[in-house]
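# Coordinate analysis (summary)
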Amino acid sequence: MIMKKLKADVIIIGGGIVGCTTAYNLSQRGADVLLIEKNGIGSGATGRSGGGIRQSARVSNEIPLAMESVALFPGLSAELGIDIEYTQSGNFRLVEMPDHLRPMQVDVARQQSHGLDVRWLGVTDVLELAPGLRWQNIMGASYCPDDGHCDPFRMVSGFFRKAKEFGTKVLLNSEVQSIEQTDDGKAVVKTSTHSVQAEKVIIAAGFGSQELCQKIGLDLPLQNVRYESMVTEPLPPILSQMFGVASSDLFFRQTQNGGIHFGGGLLEEEDEEDTKTTRDNLNMAVAHISRLVKDLGKTNLLRTWGGLDPSTPDGMPILDYLNENVLLATGFCGHGLALGPIVGRYLAEWISSGQLPEALEPFKRNRFDGWLQTKWTPSGAFAAVLATEDTQTSGRGTVGSGIPFMTPPEYDDSEDEGLHKLLSVNPEMCTGCRMCESACSIEHEKMVRQTGLRIQVAYPSDDFFLPIMCIHCEEMHCMEACVYDALEINDYGIVSVVDENCIGCMLCIPACPTGGITYVDSKETVVKCNLCGGNPACAKYCPTQAITFRPIDDEIREKMETVMSKHLDSRIEK
Amino acid sequence: MYYGYTGTILRVNLTHGEVTKEALDLKMAEEFVGGRGLASRLLCAEIDPEIEAMSPENPLIFGTGPLTGTGAPATARYVVVCKAPLTGTIACSNSGGFFGPEIKFAGYDALIIEGESPEPVYLWIQDDRVEIRSASLLWGKTPVETESTLQKLTHPASKIACIGPGGEKLSLMAGIVNDNYRLAARSGVGALMGKKKLKAIAIRGTGGVNLADPEQFWKASMDMHAKITGDPVSFGSFRAYGTASLVNLINEMGAYPTRNFQSDTFEDAVKTGGEAITEDILERNRACFACPISCTRVTEVKEGPYKGRGEGPEYESTWSLGALCGVSNLEAVAKANYLCGDYGIDTISTGATIACAMELFETGALSEKEIGFPLRFGDEAAMVRAVEMTGKREGFGDILADGSYRLAERYGHPEFFMGVKKLEMSAYSPRVFQGMALQYATSNRGACHVRGNTVAAELYGIPRYMPPEVLEQKEEMVRRPFQNSTAFVDSTGICLFTKFAITHREICALLAPATGIDFNFDRSIVQGDRIWNLERMFNLRAGFTAADDKLPARVSEPSPDGPRAGSRAILQNHIQTYYQLRGWDEEGRPTRSKLKELNLEDFWNVCSEHD
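Reading guide: rules and limits
Residues numbered from 1 in each chain as written. Chains lettered and ligands numbered in written order. Predicted model: local features only at pLDDT ≥ 70, side-chain atom pairs only at ≥ 80, totals over all residues. Heavy atoms only, no water. Helix = DSSP H or I, 4+ residues; strand = E, 2+ residues; numbered from the N terminus. Buried < 20%, exposed > 50% of the residue type's maximum accessible area, 1.4 Å probe, protein only. Contact = heavy atoms within 4.5 Å. Axes fitted to C-alpha atoms, helices over the stretch in contact; angles between N-to-C directions. Parallel < 35°, antiparallel > 145°, perpendicular 65-115°, else oblique. Left-handed = near helix turned anticlockwise from the far one by under 90°. Nonpolar A, V, L, I, M, F, W, Y, C, P; charged D, E, K, R; others polar. Pairing = 2+ DSSP bridges. Domains from an automatic or database assignment. Buried area = accessible area lost by both parts, 1.4 Å probe. Salt bridge = Lys/Arg side-chain N within 4 Å of Asp/Glu carboxyl O. Polar contact = N/O pair within 3.5 Å; in protein donor to acceptor, adjacent residues only side chain to side chain. Patch = residues over 30% accessible without salt bridge, like charges linked within 9 Å, V, L, I, M, F, W, Y side chains within 5 Å. Areas by Shrake-Rupley, 256 points an atom, 1.4 Å probe, with all protein chains shown as cover. Phe/Tyr/Trp six-rings, centres within 6.5 Å; stacked < 30°, edge-to-face > 60°. Lys NZ or Arg CZ within 6 Å of the ring centre and 35° of its normal. Core = buried A, V, L, I, M, F, W, Y, C linked by side-chain atoms within 4.5 Å.

With omega at 5°, the peptide bond leading from Gly312 of chain B into Pro313 of chain B counts as cis. If you trace the backbone, Pro313 of chain B turns up in the loop between β16 (308-311) and α11 (315-320). Look at the link from Ile462 of chain B to Pro463 of chain B: it is a cis peptide, with omega at 0°. Among the structural elements, Pro463 of chain B can be located in the loop between α19 (455-460) and α20 (474-492). Even without a glycine there, the phi angle at Ser248 of chain A is positive, about 65°. Inspection of the secondary structure assignment puts Ser248 of chain A in the loop between β13 (242-245) and β14 (250-254). Its identity is not glycine, yet Ser187 of chain B carries a phi of approximately 75°, on the positive side. Position of Ser187 of chain B among the secondary structure elements: in the loop between β11 (182-184) and α6 (189-195).

Dropping the structure here:
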């Protein structure tokens, strides 16, 4: 078979939402674009998606981009000449169990601190806005009124058609076999039928990007999170908003023709692209939505399909050059539809100007350097075991007996007399026994409990444990965040809570990089470590000297901050 | 307001899908402490011990002690009590980890699971909310898979106890697995859970445990903390090498049963001992809730045919799957141990049953055709393969899965069964440790090392040294500082391993300020005795007699080789002395006055006629 040779300015691999918006923006600017798609337009994660367009419940670094993108949506139908069925009716994240209540409220405070209009609503307020829900299983929800949902197929085909109008050329049903660099600094992309030369190549192939990256010798921390979706027969209008749940295993919305589009199930991480559906998972999603939405008992399902979420360890996409020619845009973790319009615009700007747009700064791939071993935690967020220097060299192998955990390092504190005595944590010695939690709880609460604690043990993996608490940092971010004078510097020079001033707004909680502040239900205030007035119970009770009370300098403090902030998600309570 | 106790017992009927809550009877708690004692007392009120173990009438009781979850050192234990599927005796299997404390944090002292579900279900307990949910998604999964799935379906911090495929397939050696790798292993409690079609219990508790006198409690905790962290056994060898630190010690004594108890010295013990585990496969030690000892070994075999990761093997496991089968390859032993965890079956019974099959094969009672491959002592690959078949009940594994008593009977060699009351013995040779010999014979759940581990006295000299071969006064030693004491300790929620460092006095010093009840040393002696006698009465009513208090004939033969060649279990004369000391008649039945003394006379009419 003879290879057909083509030339273009930019080749885009992947006909999903990101590929199509980028093609649209580039060709609008006059670039000669060729789009190559393995199957059909929107046949991957885009077409399988839930249709939610939200800014809320994003990680902090992604919120600004999401807000910028959502601002584009109201004008899209007119711009593309097709009704994408966009409704800006709000997004709920429903809380179904007491354990999720506090974390959700803390999360609302975090998002508000980024200027997003998101609020916490009690169950009656939720029901007033969404009367189609059953109150029995709902405790409340976070609500962002500016979020909404749209039809993913209409949206992606709108961008695709416009891109073609502007001159984008297309190869459908064509799988890329290789991406090579020529000696004169160009890239050559080959399919089984075509060989195309271009200045730049954009890989926007969802989970398939993994394989393409491996072809040019790069291995990215990318996994596919499989979920399952379905749609019911049309019903009269009962729900206008987009809904998710705190446990992240269900979403639902009512489409414009009346069908309830919902999905979820067990979020299973896989190393392959898999779109099968299973009876068990579908049953589970059906049982779950039936607990939340009224009168679904006799409704028939029309169609089921498997969804794809190409995901990264920190819940944000990778938007970065892999080499001089190849730009990667993938790993949207299920946020691609919402981010698509703005990402397409910025990628086009980046390609044409050669300058990295400031808004895309947080999405570079080098942020994963040093994440040695990445591992999913049950909460769906990635935790990482620290880079070599933290977990593998310190303490291990240096002690005479040959069993590192038997002998705590000897501290020479004599030179540090000028320094404050503070809590020092050495995860090498920690066995995960939680005796520090018990000691803290008995000392301060006069009982033993595992919620509302000032110190908590995180379990990032089965052989790495880490007590997490306030490290009494010099920056005192919490003081900065508090607007009620509820935090003060006490005689010992550390931040302590003024109970009578604290109203429990929780603004200080997301401000703390090490998870040192906790909200206590029974008190309706926050609590934090006060070093037990200079004789900390946790250090006394720790059997292995994983926690010690000694003079510590900035270097140790910095090290502790790095470790703790990386493992916040692995705490039992958040 | 309850202190130490939570004051609530949760009752779940799987036949009718009913959930009820009952108040804890504090008077009963005072008499039976909690944990093993209280759960056994609850069981005796539920059933007549004559019932079939594998029937819906037999409830599964999860009990915690008043100290479970209080944060005092090593307070992680919960117990599982029922009539035992493997033995027909009363069963009390216990386990650590984080599941027990979570029961307390959710607000319960005990869970009584009764009836039988038609479909696989799991229980989701979230503080006072209790749901019975379908487990069709979980059936067939290993404990590790079950835990990760359930934490997604319920709460990321839920603590899980579940059965593996072994329990689902009603293997009489199945245990209940919590926190991925920890088993309430012995007596077949997992088979009963499987019979009830209860795949798992997921618990999430946001409450706490109240303390009557927090300051005094904290003082007592710090005192115990100092004693344990100053103890060379608990905080020394158990922390450095795990319980398997015993391997070389016991083997050098010539008391390490080898090749189905044919010998008491294993030439390759050093290859499978604690030092080798730490050296070769240990990744990290870790601890149960509030435990300074941290004897748990997180291990990994990184490559080769026995690749795997998990916890252990601990002492009994490295023995049963190693020396008892003549296997000296640590990686194979570790793999077999991981597999037992994956299928949720007891490592001791599994290893012992395979060892029994090996002897049957070598003596020609069992053919290669029946097993499917030759099963000789020392053949590590065959041993691992047999474990896998046992867990799956596949081929010959279907017969292995019901334990060595039934295996040996089936092939006409009951003398190859090395146990008492259908439960296999553990890794201390009764030919050498005369205390263990008496303890194995009289233990209420069959031959078992944790019902009165006299090795503490016979090896470590705790509470005082008694040479293993000495017989005088052993009856009293077995009875009081070991059997009764263990019954008490198991009832408090504290781990038995602390007993190398502390006594009842330290435990009572915690119990009193925790509960506000006057627990003291003298009463603890009676409480332990009461619990032991209650269990004994259960067994008598279930049909056991003095004739069942006997050791396998083999251990009465002299030990063939090793440092203690020639030693043998001398039991017969001592059992009657033991009965007398216990206040029992020559048939091993408690006398009426003994029961009156213990306030147990209300139970079935099983006591002695003459008084």
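On to the environment of Ala355 of chain B. All names here are of chain B. Along the chain, Ala355 turns up in helix α13 (residues 347-362). When its relative accessible area of 0% is taken as the criterion, Ala355 is described as buried. Each C-alpha atom, one on Ala355 and one on Glu476, is 33 Å from the other, the two residues being 121 residues apart in sequence. In this structure, Ala355 is in contact with Asn260, Leu324, Cys325 and Phe377, ignoring residues within four places of it in sequence.

Attention shifts here to the packing of α20 of chain B against helix α21 (residues 504-515) of chain B. Each pair of packed helices gets described by two things: the angle between the helix axes and the distance between those axes. All names here are of chain B. Close contact between α20 and α21 brings their axes to 11 Å; oriented N to C, the two are set at 30°. On the basis of their axis angle, the class for α20 and α21 is roughly parallel. Considering only the axes of α20 and α21, their crossing is left-handed. Here Ser485, Phe488, Val489 and Thr492 of α20 come into contact with α21, specifically with His504, Ile507, Cys508 and Leu511. Looking at the contact of α20 with α21 residue by residue, the classes come out as 5 nonpolar, 3 polar and no charged.

Residues and elements named next belong to chain A. With 5 of 5 residues buried, strand β24 (residues 464-468) lies mostly within the body of the structure. The alternating pattern of β24 places Phe464, Leu466 and Ile468 and Phe465 and Pro467 on opposite faces, both of which are buried. In this structure, strand β23 (residues 456-461) lies alongside β24, joined through 4 bridges in antiparallel fashion. Within β24, the residue paired with Val457 across the bridge is Pro467. Turn length for the β23-β24 hairpin, with the two strands adjacent in sequence and antiparallel, is 2 residues.

Residue and element names in this part refer to chain B. Domain annotation for chain B reports domain 1 (8-204), domain 2 (264-424) and domain 3 (434-500 + 520-598). For domain 2 versus domain 3, the distance between C-alpha centres works out to 27 Å. Counting residues at the interface gives 15 residues for domain 2 and 22 residues for domain 3. Buried area between domain 2 and domain 3, both sides added, is near 1,400 Å², and the carbon and sulfur share of it is 61%. On inspection of domain 2 and its partner domain 3, the count reaches 2 salt bridges. Linking Arg554 and Glu359 is a salt bridge whose minimum nitrogen-to-oxygen distance equals 2.5 Å. Our count for the domain 2 to domain 3 interface comes out at 7 residue pairs in polar contact (both at pLDDT 80 or more). Its residues assigned to classes, the side of domain 2 that touches domain 3 shows 8 nonpolar, 2 polar and 5 charged.

Below, the discussion takes up a nonpolar patch on the surface. A cluster of nonpolar residues, Val483, Tyr484 and Ile503 of chain A, forms a patch on the protein surface that exposes about 300 Å² of accessible area. Note on placement: Val483 of chain A falls in the loop between α12 (477-481) and β25 (487-489).

All names here are of chain B. Between α21 and helix α22 (residues 521-541), the least distance of the axes is 9 Å, while the angle of their chain directions is 105°. The orientation of α21 relative to α22 falls into the category roughly perpendicular. For the pair α21 and α22, the contacting residues are His504, Arg505 and Cys508 in the first and Phe521, Ser524 and Ile525 in the second. Of the residues contributing to the contact of α21 with α22, the split by class is 3 nonpolar, 2 polar and 1 charged.

Quick look at the pattern of salt bridges now. Pairing between side chains of opposite charge can happen when the charged atoms of each approach one another. Across all of its chains, the model carries 55 salt bridges over all chains by this definition. In this structure, Arg110 of chain A engages Asp107 of chain A in a salt bridge whose closest nitrogen and oxygen atoms are separated by 2.7 Å. Residue Arg110 of chain A and its partner Asp107 of chain A are located together in helix α4 (residues 98-112), separated by 3 residues, close to a single helical turn. On the basis of relative accessibility, which here comes to 15%, the residue Arg110 of chain A falls in the buried class. Across the pair Lys364 of chain A and Glu361 of chain A runs a salt bridge whose closest N-O atoms are separated by 3.4 Å. A single salt-bridge network, built from bridges that share partners, covers Asp462 and Asp463 of chain A together with Glu283, Glu300, Lys302 and Arg309 of chain B.

Moving on: the packing of aromatic side chains. Inspection of the entire model under this criterion finds 28 aromatic pairs over all chains. Their ring planes at 35° and their centres at 6.1 Å tell us that Tyr256 of chain B and Tyr315 of chain B sit as a pair that is tilted. On the criterion of sequence distance, the pair formed by Tyr256 of chain B in the loop between α9 (246-252) and α10 (274-280) and Tyr315 of chain B in helix α11 is long-range, its members being 59 residues apart. In this pair, the class of Tyr256 of chain B matches that of Tyr315 of chain B, namely buried. Considering the side-chain rings of Phe396 of chain B and Tyr411 of chain B, the 6.4 Å spacing of their centres and the 50° angle between planes classify their relative orientation as tilted. Of this pair, Phe396 of chain B sits in the loop between α15 (380-392) and α16 (397-400) while Tyr411 of chain B sits in the loop between α17 (404-410) and β17 (419-420), placing them 15 residues apart in sequence. Through pairs of rings, three or more aromatic residues link up here, namely Tyr459 and Phe465 of chain A together with Phe98, Phe105 and Phe289 of chain B. Across the ring face of Phe482 of chain B, the terminal group of Lys499 of chain B is positioned such that the distance to the ring centre comes to 5.8 Å.

So, on to the domain arrangement of chain A. Residues and elements named next belong to chain A. Partitioning chain A into domains gives domain 1 (1-85 + 148-222 + 312-369), domain 2 (91-145 + 223-309) and domain 3 (383-570). For domain 2 versus domain 3, the separation of C-alpha centres amounts to 36 Å. In this assembly, 5 residues from domain 2 lie in contact with 7 residues from domain 3. Where domain 2 packs against domain 3, one counts 0 salt bridges. Connecting domain 2 to domain 3 are 0 residue pairs in polar contact (both at pLDDT 80 or more).

Residue and element names in this part refer to chain B. One open sheet holds the 3 strands; their spatial order is β14-β15-β16, and the pairing between them is antiparallel. Strands at the two margins of the open sheet, each flanked by one partner only, are β14 (282-286) and β16. Averaged over all pairs of adjacent strands, the angle between strand axes in this sheet comes to 10°, irrespective of strand direction. In this sheet, β16 lies alongside strand β15 (residues 296-301) in antiparallel orientation, the contact comprising 4 bridges. Each residue of the ladder has a partner; that of Val301, found in β16, is Gly308.

Residues Leu423 and Ile547 of chain A together with Ile507 of chain B are the most contacted members of the largest nonpolar core, which totals 112 residues. When near neighbours in sequence (up to four residues on either side) are disregarded, Ile507 of chain B contacts Leu67, Met224, Phe488, Val489, Thr492, Ile494 and Ile502 of chain B. Grouped together as the second largest cluster of nonpolar side chains are 86 residues, Ile250, Leu360, Met383 and Tyr578 of chain B included.

Attention now goes to the interface of chain A and chain B. Note: interface size is frequently given as the accessible area lost on complex formation between the parts. Opposite the 49 residues of chain A that make contact, chain B presents 60 residues. A buried area of about 4,500 Å², summed over both sides, lies between chain A and chain B, and 57% of it is on carbon and sulfur atoms. Here chain A and chain B share 2 salt bridges between them. In this structure, Arg309 of chain B engages Asp463 of chain A in a salt bridge whose closest nitrogen and oxygen atoms are separated by 2.9 Å. Between chain A and chain B we count 13 residue pairs in polar contact (both at pLDDT 80 or more) in total. Per-class residue counts for the side of chain A that touches chain B are 25 nonpolar, 9 polar and 15 charged. Strand direction decides the pairing type here: strand β22 (residues 447-449) of chain A and strand β13 (residues 208-210) of chain B, joined by 3 bridges, are antiparallel. From the neighbouring strand, Val448 of chain A faces β13 of chain B, where its bridge partner is Val209 of chain B.

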